[in-house]
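Examination of the molecular architecture
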Amino acid sequence: AEILDAPHVRLIVLGKRLVNLGIDIPESKGNSGPIHAPFDVFAITDGAADVTINGVRLVTQSIDLDVTADDDPAEGSSFEIAVRAGPSSVERARATKEDGPLDAFDEDAICGIDGRLRIEPNDLQVHRLKANLIADLDPAKGTIGACDLPASDRRHVDLSLTHLHIGLPREKGALPRIDGHATVRAPIALAARFTDFPDNDGWVGADVDVQIAEGMQIPDVSGHIEGHGIRISHFAFAHEIQSDIATERNVITSSKTTVTIAGGVATLTEVKVEPLAKGIPVHARVDVKDADFTKLMADLGVSNQAHVAWDLREIHMPSFSGTVIPLKIDGDFTAHTTNFGVFDLPAVSPAKTRIIGVREANLVAHCAVRPTGLEFHNAHAQMPKSNIDGGFVHIGYHNDLRVDVPSASVYLDEAGPLGSIPIAGHAQATVTVTGTLDDPHLEADASIDQFSLGGIPFGDVTGGHASLTGMVVTLNQIKAQKNKSVYEMPSAVLDFGGRAIKFGAIRLTRE
């Protein structure tokens, strides 16, 4: 038995040379037959090491290592290994731009390693292996993290392997056979160390059983994955994701996935994704509860200043399916919504003034996800008295907006007041909205029975055109009748923000 008590090792390796010892590492002669260990038992107690290999420095302490060797004359030695290490650190300087200077410094804290494994000539068995790290996500020097950070901190990196068996490939180029259980967690920001990656936030984790066998293109996986605070660039994809997932025969399925976003929860069931099939087909059932449209537009990076508020109380989409490449995903849905409103300022502003809105509506429509944006086709909205048929909505990923309503039967008291002024009457209208969510512009052609504004009755409006921008309504070619009087108003401007009303000439005739 070989036992070393409290050894300290310092090595600096650059290329094939031990720099601090002035020794060149000899060339490997390739596979020269089985390895036969020169010991039965080898142990290190309370060891320490400071090792730098090609610019990556590992400093570790409190190392306990026990190795037991079993020798087979034909196959070679097998090793039973138990290892434990105390607080350690890994440091590396890297360039954030190709051929640029070393301007980022990764200083990760290793809080502990504890493992027991067996290495055989053709197999590796991990009985258990646990490692806990704190990743350095700040490129500056001297920013190593502490191991007592709260569990919610995204810098935690955790790895746990149990009952993992790896069959080493016997032929060159073949993949290993893997079967076991893994629990992992890591921040999304670690991707920036290996590729050009945008600003981001959040972390992901998985608790899964994994199997890789010969002929597989995608590993078979079953278990649970999660994500928290997921943001890439200005797109906040989810505040939290929880998913029961499985992959089998190159198909990914999920019996239940919940996504917390926009103040609500989207639940996906019957999920199926075929990543290796043409177009990457996807399918799911989607149910949404208590989402906020304004927050959704901000989370998805469409607009942080949307002038539209809308509470999406319930959305039910029994089938949502299509392809990722090209992006074409469709599904019919029903929804119950409340508190729809258009404002003169962003809906999140405490100084906003409501221009127009609807207190409650039930929707039926076709949802279409396209490369340019999110669309709703053949939309039907039912309010207590009013209804809208055949509507089309396009919300572009770059904040462009278009709404076409070919037929609307609206009782104005359900859509009012207009600013602070009450409106009433029954309107038959066609409506178009263009512009952006930050600055929507409405155009409408309408007739209105028993129209009143601010409590003043104007009779029946038999025809006319209206446009709404901000708090300003512009009217053109208004034709109306009150009692037996018929009148026409070529133009009028109503500024509800400034409380100014300007009429053009009014021509009055009496029957």
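A few points on the structure.

Of regular secondary structure, the protein possesses two helices and 31 strands. Along the first, second and third principal axes, the C-alpha atoms of the protein reach 120 × 45 × 35 Å. A sequence separation of at least 24 residues applies to 47% of the contacts in the protein between residues at least 6 apart. Charge separation in the protein, taken as the distance between the mean sites of 44 positive and 69 negative side-chain charges, equals 6 Å.

Okay, the nonpolar core next. In terms of nonpolar packing, the biggest core is built from 63 residues, with F333, I395 and L437 touching the most fellow members. Among residues more than four places away in sequence, those in contact with I395 are F293, M297, V302, G373, L374, F376, D400, L401 and L437. Of all hydrophobic cores here, the second largest spans six residues; its members include V126, I166, I178 and A182.

On the surface, a cluster of negative charge is made up of D40, D71, D72 and E75. Counting through the fold element by element, D40 comes out in the loop between strand 4 (23-24) and strand 5 (41-53). With relative accessibility at 56%, the residue D40 sits in the exposed group.

Tallied over the entire structure, the rule returns 22 salt bridges. For D201, the salt bridge is made with R154, and the minimal N-O distance between the two is 3.5 Å. Here R154 lies in the loop between strand 10 (123-134) and strand 11 (156-167) and D201 lies in strand 13 (residues 200-212), a separation of 47 residues in the sequence. Residue classification places D201 among the partly exposed positions, given a relative accessible area of 33%.

Right, let's talk about the environment of V288 for a bit. In this fold, V288 is placed in strand 18 (residues 281-292). Measuring from C-alpha to C-alpha, the distance between V288 and G373 comes to 19 Å, with 85 residues separating the pair along the chain.

This part covers the packing of aromatic side chains. Under the criterion given, the structure shown has seven aromatic pairs. When the centroid spacing of 6.3 Å and the interplanar angle of 40° are considered together, the rings of F39 and F79 count as tilted. One end of the pair, F39, is in the loop between strand 4 and strand 5; the other, F79, is in strand 7 (residues 76-85), and 40 residues separate them in sequence. Judged by relative accessible area, F79 falls into the buried class, the value being 17%. Taken together, F39, F42 and F79 form an aromatic cluster joined through their ring pairs. For K141, the ring lying beneath its charged end belongs to F105, and the centroid distance is 4.9 Å. The ring centre of W203 lies 3.7 Å from the NZ or CZ of R185, which sits over that ring.

Below, the discussion takes up the state of the cysteines. Summed over the entire model, instances satisfying the criterion amount to one disulfide. Covalent S-S linkage joins C111 and C147, the inter-sulfur distance amounting to 2.1 Å. Across the disulfide from C111 to C147, rotation about the S-S bond amounts to roughly -95°, and the bridge is consequently left-handed. Placement of C111 in strand 9 (residues 104-119) and of C147 in the loop between strand 10 and strand 11 is noted, with a sequence separation of 36 residues between them.

This part takes up the side chain of E107. Its place among the elements puts E107 in strand 9. Although buried, E107 forms no salt bridge, and the nearest oppositely charged side chain, K141, lies 7.5 Å from it. Side-chain polar atoms of E107 contact the backbone nitrogen of T143, separated by 2.9 Å. Dropping the residues within four chain positions of it, E107 is found in contact with V90, E91, D136, A140, K141, G142, T143, I144 and G145.

Attention now goes to unusual backbone geometry. Looking along the chain, the bond that leaves I325 and enters P326 is cis, with omega of -5°. Within the fold, P326 resides in the loop between strand 19 (308-323) and strand 20 (328-343). Phi at N54 is positive, roughly 50°, even though this residue is not glycine.

Turning to the pairing of strand 14 (residues 220-232), a few remarks are in order. With 11 bridges connecting them, strand 13 and strand 14 associate as antiparallel partners. Among the inter-strand pairings, D201 is bridged to a residue of strand 14, identified as R231. Between the antiparallel neighbours strand 14 and strand 15 (residues 235-248) lie two residues, among them S233 with a positive phi of about 60°.

This next bit is on the environment of S409. Tracing the backbone shows S409 in strand 24 (residues 400-411). Along the primary structure S409 and T436 are separated by 27 residues, whereas in three dimensions their C-alpha atoms are 25 Å apart. Among residues more than four places away in sequence, those in contact with S409 are S386, N387, H426, A427 and Q428.

Calculation notes
- Residues numbered from 1 in each chain as written.
- Predicted model: local features only at pLDDT ≥ 70, side-chain atom pairs only at ≥ 80, totals over all residues.
- Heavy atoms only, no water.
- Helix = DSSP H or I, 4+ residues; strand = E, 2+ residues; numbered from the N terminus.
- Contact = heavy atoms within 4.5 Å.
- Lys, Arg positive; Asp, Glu negative; His and termini not counted.
- Charge placed at Lys NZ, Arg CZ, Asp CG, Glu CD.
- Core = buried A, V, L, I, M, F, W, Y, C linked by side-chain atoms within 4.5 Å.
- Buried < 20%, exposed > 50% of the residue type's maximum accessible area, 1.4 Å probe, protein only.
- Patch = residues over 30% accessible without salt bridge, like charges linked within 9 Å, V, L, I, M, F, W, Y side chains within 5 Å.
- Areas by Shrake-Rupley, 256 points an atom, 1.4 Å probe, with all protein chains shown as cover.
- Salt bridge = Lys/Arg side-chain N within 4 Å of Asp/Glu carboxyl O.
- Phe/Tyr/Trp six-rings, centres within 6.5 Å; stacked < 30°, edge-to-face > 60°.
- Lys NZ or Arg CZ within 6 Å of the ring centre and 35° of its normal.
- Disulfide = S-S within 2.5 Å.
- Polar contact = N/O pair within 3.5 Å; in protein donor to acceptor, adjacent residues only side chain to side chain.
- Pairing = 2+ DSSP bridges.

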